[in-house]
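# Summary of the model geometry
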Amino acid sequence: MSLDWQQLNQDVTALLKEARQRVLEKMQDPLTVDEKTGRKDLVTNVDKGNEQFLITGIRRIDPDAKVLGEEGFGDQLTDIKGRVWIVDPIDGTMNFVKQQDNFAIMIGIYQDGVGQLGYIYDVMNDVLYHGGPQLGGVWANQDPIKAPTNLALRDGLIGASGPLVIHDVAHMQAIVHASAGMRIYGSAGIEMINVMRGKTLGYISHLKPWDFAAGQVLLNTLGVRVSTIDGQPLNMLSSNLVLVATEKAQRDILQIEEDDVSL
């Protein structure tokens, strides 16, 4: 029997709204904050509890699927065959801890490695960005989103990872200099929302699968390119230096990479 994607979308939307409410309630209590790889890589009791809640809901909605979660409560995957849900329970944990703002809950649903549905929930603004090929578009809550203008690099702002620019990884200083300016939001989900909205024309950062899975589905549906920094497809099971950009901006950035390599 074929999967009813419309019903699945309704179920995921309901699950995410409940997850948001749980997060808001937990924010009223003292947080338990631990370091993962260092003082700038944090995890809280809310990250862990929200992932467990989401995975329990996913198992109920789609019991045959596999789940990859940031905090390790899902399956141990060696491939992305079949239907795979990729979950980030709190994207932008540092913002969550320090600002209680500018963070998201994200889910990407893939079938045999191809993105089908994506969800980025801007928690504090209560806006759920959702869509993909199975829905035929992208929406912010109930409002359809148009494809962003296909700007060249010089004509728009670009989101970037601060450390990449400071250390000039992958010629980031030249890329930022060629753009109209750099913005840093501290959350891959919020960065990708800004690209979808046309507020920035791209975003570059080191990302894990749960950081980019949802956004890749949504951005691709809107005609925005998502690739490695050298224009190759992303590995869905490992870290990538990810380039999100309009078609023209991607071409400009790849030219900067090529020109520097050829020197």
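Residues numbered from 1 in each chain as written. Predicted model: local features only at pLDDT ≥ 70, side-chain atom pairs only at ≥ 80, totals over all residues. Heavy atoms only, no water.

### Structural notes on the sheet that holds strand S10 (residues 157-160)
Test applied: Pairing between strands is defined by DSSP: at least two bridges between them are needed. Put simply, DSSP H or I for four residues or longer makes a helix, DSSP E for two residues or longer makes a strand, and each gets a number counted from the N terminus. The convention used is that axes are lines fitted to C-alpha atoms, helices contributing only their stretch in contact, and that angles between N-to-C directions extend from 0 to 180 degrees. Between two residues, a contact is recorded if the distance between any of their heavy atoms is within 4.5 Å.
In space, the five strands of this open sheet follow the order S11-S10-S12-S14-S13, with mixed pairing throughout. Two strands in the sheet have a free side with no partner beyond their single neighbour: strand S11 (181-183) and strand S13 (225-228). Sheet twist, expressed as the mean angle between neighbouring strand axes with direction ignored, is 20 degrees. As judged from the six bridges shared by strand S12 (residues 202-207) and strand S14 (residues 240-245), these two strands associate in the antiparallel manner. Looking at the pairing, Gly-202 lines up with Ala-245 of S14. Its contacts with the sheet place helix H6 (residues 188-196) against S10, S11, S12 and S14, and it is angled at close to 160 degrees to S12. Those strands touched by helix H7 (residues 209-221) are S12, S13 and S14, and its axis lies near 145 degrees from that of S13.

### Here's the deal with H7
Quick note on the threshold: By this rule the span expected of a helix is its residue count minus one, scaled by 1.5 Å. Note that bend, as reported per residue, equals the angle between axes fitted to the 7 residues terminating at that residue and the 7 residues originating from it. The classification of residues rests on relative accessible area computed with a 1.4 Å probe and restricted to protein chains. Under 20% of the type maximum is buried, over 50% is exposed, and intermediate values are partly exposed.
Taking 1.5 Å per residue as the helical rise, H7 with its 13 residues ought to reach 18 Å, and the 18 Å between its terminal C-alpha atoms agrees with that figure. The largest bend along H7 reaches roughly 30 degrees and is located at Gly-215. Of all 13 residues in H7, eleven are buried; the element is thus mostly enclosed. Among the residues of H7, those classed as buried are Pro-209, Trp-210, Asp-211, Phe-212, Ala-213, Ala-214, Gly-215, Gln-216, Val-217, Leu-218 and Leu-219. Looking one or two residues past H7, Gly-223 carries a phi angle of roughly 85 degrees, positive in sign.

### Quick word on the layout of surface pockets
Spelled out, the test is: Of the grid points, spaced at 1 Å and generated over the protein atoms alone, those admitting a 1.4 Å probe that cannot get out make up cavities, while open sets with protein on both sides within 12 Å along at least five of seven lines make up pockets; any residue with an atom within 4 Å of a point is treated as lining. Grid points are joined across faces, edges and corners, and a volume is the space filled by probe spheres set on the points. By the convention adopted, Pro, Cys, Tyr, Trp, Phe, Met, Ile, Leu, Val and Ala count as nonpolar, Lys, Arg, Asp and Glu as charged, and the other residues, Gly among them, as polar.
Of the voids in this model, the largest pocket is the one considered here, and its volume is about 1,000 Å³. Taken together, 31 residues line the largest pocket, and the ones lying closest to its centre are Lys-40, Asp-41, Gly-186, Ser-205 and His-206. Sorting the residues of the lining of the largest pocket by element identifies strand S2 (41-44), strand S4 (83-91), helix H3 (93-98), helix H4 (162-166), H6, S12 and H7 as the ones contributing at least two each. Here the lining of the largest pocket is built from residues that sort into twelve nonpolar, ten polar and nine charged.

### Here we look at the sheet that holds strand S5 (residues 104-111)
Strand order in the open sheet made by the seven strands is S3-S4-S5-S6-S7-S8-S9, with mixed pairing throughout. Looking at which strands have only one partner, the edges of the open sheet turn out to be strand S3 (66-69) and strand S9 (143-144). Strand direction decides the pairing type here: S3 and S4, joined by four bridges, are parallel. Across the sheet, the residue bridging to Lys-66 is Val-84, located in S4. Docked against the sheet, helix H2 (residues 45-61) engages S3, S4 and S5, running at close to 155 degrees with respect to S4.

### Examining the pattern of salt bridges
Formally: The salt bridge definition used is simple: a Lys or Arg side-chain nitrogen within 4 Å of an Asp or Glu carboxyl oxygen.
This model, assessed by the stated rule, comprises eight salt bridges. Ionic pairing is found between Asp-155 and Arg-154, a salt bridge with its closest N-O pair at 3.5 Å. Overall, the relative accessible area of 45% leaves Asp-155 in the partly exposed class. The class for Arg-154 is exposed, based on a relative accessible area of 64%.

### So, the packing of helix H1 (residues 5-26) against H2
Let me state the cut-off plainly: Working rule for angles: under 35 degrees goes down as roughly parallel, over 145 as roughly antiparallel, 65 to 115 as roughly perpendicular, anything else as oblique. Helix crossings get a hand from a simple test, with the near helix turned counterclockwise from the far one by less than a right angle marking a left-handed crossing and a clockwise turn marking a right-handed one.
As a packed pair, H1 and H2 sit with axes 10 Å apart at the nearest point and diverge in direction by 160 degrees. It follows that H1 is roughly antiparallel to H2 by the angle criterion. In this structure, H1 meets H2 at a crossing whose hand is right-handed. In this structure, H1 uses Leu-8, Asp-11, Val-12, Leu-15, Leu-16, Glu-18, Ala-19, Arg-22, Val-23 and Lys-26 to contact H2, whose residues at the interface are Val-46, Gly-49, Asn-50, Phe-53, Leu-54, Gly-57, Ile-58, Arg-60 and Ile-61. Counted by class, the contact of H1 with H2 contains eleven nonpolar, three polar and five charged residues.

By themselves, these observations are geometric and do not establish any function.
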